[in-house]
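# Per-entry structural report
Chain residues, written in single-letter form:
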Amino acid sequence: MSVPSEILDLARAARRVVVLTGAGMSAESGVPTFRDAQTGLWSEFDATYLATPEGWHADPATVWAWYQWRVALVRQVEPNAGHHALARWAHAAEVHIVTQNVDDLHERAGSVVRAHLHGSLFAPRCADCESAAELPDPPAEPVAQLTPPTCAHCGGAVRPGVVWFGELLPRAPWQAATDVVADADLLLVVGTSGVVYPAAGLPALARGHGVPVVEIGPEPTEISDQASHVWRTTAAIGLPALVAALQ
């Protein structure tokens with residue numbers, strides 16, 4: 001695939017590149033969104049309730065079981081060509097990845113993620129003292145309820161390490177994201193719909209600091225009008241082509 005010349009020129013000139021990735025990138029690896037994971041046993045549950053503090057407080061065993069099922073689903077897929085392209089690019093340039101995804105596909109491809117804005121399926125923590133906890137292996141088959149592990153420090157229940165609806169983003173990842181975006185020479189927005197805030201505000205932050213924004217995705221989004229340039233392709237197709245052209 002041919003890379004648009006204006007995008008290639010921006011990438012060649014950039015010393016510091018930030019890549020904001022969303023669910024569309026993981027979808028190309030076959031990662032189901034939390035709504036897509038409502039199959040089989042989970043088809044009668046409301047994902048938008050399971051992914052809330054209220055759902056957790058009402059029934060932690062059900063919420064933990066569902067998230068362990070999602071861990072099992074993610075472990076069945078592999079990073080796609082877009083993930084691998086970003087890892088290769090980082091060997092030749094200063095590339096900072098800021099992701100909304102809660103999977104570990106960037107890391108499995110060899111990248112270092114600067115900020116997991118919405119947390120990670122693979123970083124559970126104590127619901128009481130916030131201490132990091134070990135992630136147990138999920139059951140081979142989905143179960144309707146699974147008692148959460150106990151925190152080794154305070155004895156509290158261990159919760160999924162993701163940001164639920166109604167929760168604020170963790171301060172440190174958000175600060176890291178805004179810092180690198182404000183200091184970037186180029187922001188690539190890949191596979192995100194641009195509807196979930198505050199992450200969707202990062203392109204506007206970049207533009208406010210004079211940073212050009214390139215959107216890579218197959219369909220128009222809520223932030224397309226904020227992009228300096230738009231490339232209608234997917235992450236698994238466009239990113240390998242871009243990195244190959246740069247090298």
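Keep in mind that this is a model prediction, so the values were computed, not measured.

Core analysis: the largest hydrophobic core is formed by 25 residues, its most contacted members being Trp89, Leu188, Val190, Leu239 and Leu242. Residues in contact with Leu188, not counting those within four places in the same chain, are Val18, Val19, Leu20, Trp89, Val214, Ile216, Leu239 and Leu242.

Space inside the second largest pocket adds up to approximately 180 Å³. Every residue along the wall of the second largest pocket is listed here: His116, Gly119, Ser120, Ala123, Arg125, Glu130, Gly161, Val162, Val163, Pro170 and Pro173.

It is worth spelling out the packing of helix 6 (residues 81–89) against helix 10 (residues 235–246) at this point. For the pair helix 6 and helix 10, interaxial distance at closest approach is 7 Å and the crossing angle is 25°. One way to sum up the angle between helix 6 and helix 10 is to call them roughly parallel. Here helix 6 runs over helix 10; the crossing is left-handed. Residues Ala81, Gly82, Ala85, Leu86, Arg88 and Trp89 of helix 6 lie in contact with helix 10, whose contacting residues are Ala235, Ala236, Leu239, Pro240, Leu242, Val243 and Leu246.

With the rule as written, the count across this model stands at three aromatic pairs. Aromatic side chains Trp56 and Trp164 sit 5.8 Å apart centroid to centroid with 35° between the ring planes, which places their arrangement in the tilted category. One end of the pair, Trp56, is in helix 4 (residues 53–58); the other, Trp164, is in the loop between strand 5 (158–159) and helix 8 (171–182), and 108 residues separate them in sequence. The two residues Trp56 and Trp164 agree in class, both being buried.

This part is about the packing of helix 1 (residues 5–13) against helix 10. Close contact between helix 1 and helix 10 brings their axes to 10 Å; oriented N to C, the two are set at 60°. In terms of their interaxial angle, helix 1 and helix 10 are classed as oblique. Handedness of the helix 1/helix 10 crossing: right-handed. From helix 1, Leu8, Ala11 and Arg12 reach across to helix 10, where they touch Leu242, Ala245 and Leu246. Taken together, the residues of the contact of helix 1 with helix 10 break down into five nonpolar, no polar and one charged.

Going through the model one piece at a time under the given rule, you end up with eight salt bridges. Here Arg108 ties to Glu78 by a salt bridge, and the two come within 3.2 Å at their closest N and O atoms. Here Glu78 lies in the loop between helix 5 (60–75) and helix 6 and Arg108 lies in helix 7 (residues 105–109), a separation of 30 residues in the sequence. By relative accessible area, which is 53% here, Glu78 ends up exposed. Bridged by salt links that share partners, the residues Arg16, Asp183 and Asp185 form one connected network.

Following the sequence through the fold, Ala245 ends up in helix 10. Since its relative accessible area comes to 30%, Ala245 is described here as partly exposed. Between the C-alpha atom of Ala245 and that of Ser2, which follows or precedes it by 243 residues, the distance is 8.6 Å. Ignoring anything within four residues of it in the chain, the contact list for Ala245 reads Val3, Leu8 and Arg12.

On to the side chain of Thr192, then. Examined against the element boundaries, Thr192 turns out to sit in the loop between strand 6 (186–190) and helix 9 (202–208). Judged by relative accessible area, Thr192 falls into the buried class, the value being 10%. Within the local environment of Thr192, its side chain forms a polar contact with the backbone nitrogen of Gly194, the two atoms lying 3.4 Å apart.

Attention now moves to the sheet that holds strand 7 (residues 213–216). Read from one edge of the open sheet, six strands run 3-2-1-6-7-8, paired in parallel fashion. Bordering the open sheet on either side are strand 3 (113–116) and strand 8 (229–231), each of which pairs with just one other strand. Strand-to-strand, the axes of this sheet are offset by a mean angle of 20°, without reference to chain direction. Most of the contacts of helix 8 go to strand 3, to which it runs at about 130°, and overall it touches strand 1 (16–21), strand 2 (94–99), strand 3 and strand 6. Along the sheet face, helix 10 touches strand 6, strand 7 and strand 8 and points at about 150° away from the line of strand 6.

Definitions and limits used
Residues numbered from 1 in each chain as written. Predicted model: local features only at pLDDT ≥ 70, side-chain atom pairs only at ≥ 80, totals over all residues. Heavy atoms only, no water. Core = buried A, V, L, I, M, F, W, Y, C linked by side-chain atoms within 4.5 Å. Buried < 20%, exposed > 50% of the residue type's maximum accessible area, 1.4 Å probe, protein only. Contact = heavy atoms within 4.5 Å. 1 Å grid on protein atoms, 1.4 Å probe; cavity = no way out; pocket = protein on both sides within 12 Å on 5 of 7 lines; lining within 4 Å. Points joined across faces, edges and corners; volume = space filled by probe spheres on them. Axes fitted to C-alpha atoms, helices over the stretch in contact; angles between N-to-C directions. Helix = DSSP H or I, 4+ residues; strand = E, 2+ residues; numbered from the N terminus. Parallel < 35°, antiparallel > 145°, perpendicular 65-115°, else oblique. Left-handed = near helix turned anticlockwise from the far one by under 90°. Phe/Tyr/Trp six-rings, centres within 6.5 Å; stacked < 30°, edge-to-face > 60°. Nonpolar A, V, L, I, M, F, W, Y, C, P; charged D, E, K, R; others polar. Salt bridge = Lys/Arg side-chain N within 4 Å of Asp/Glu carboxyl O. Polar contact = N/O pair within 3.5 Å; in protein donor to acceptor, adjacent residues only side chain to side chain. Pairing = 2+ DSSP bridges.

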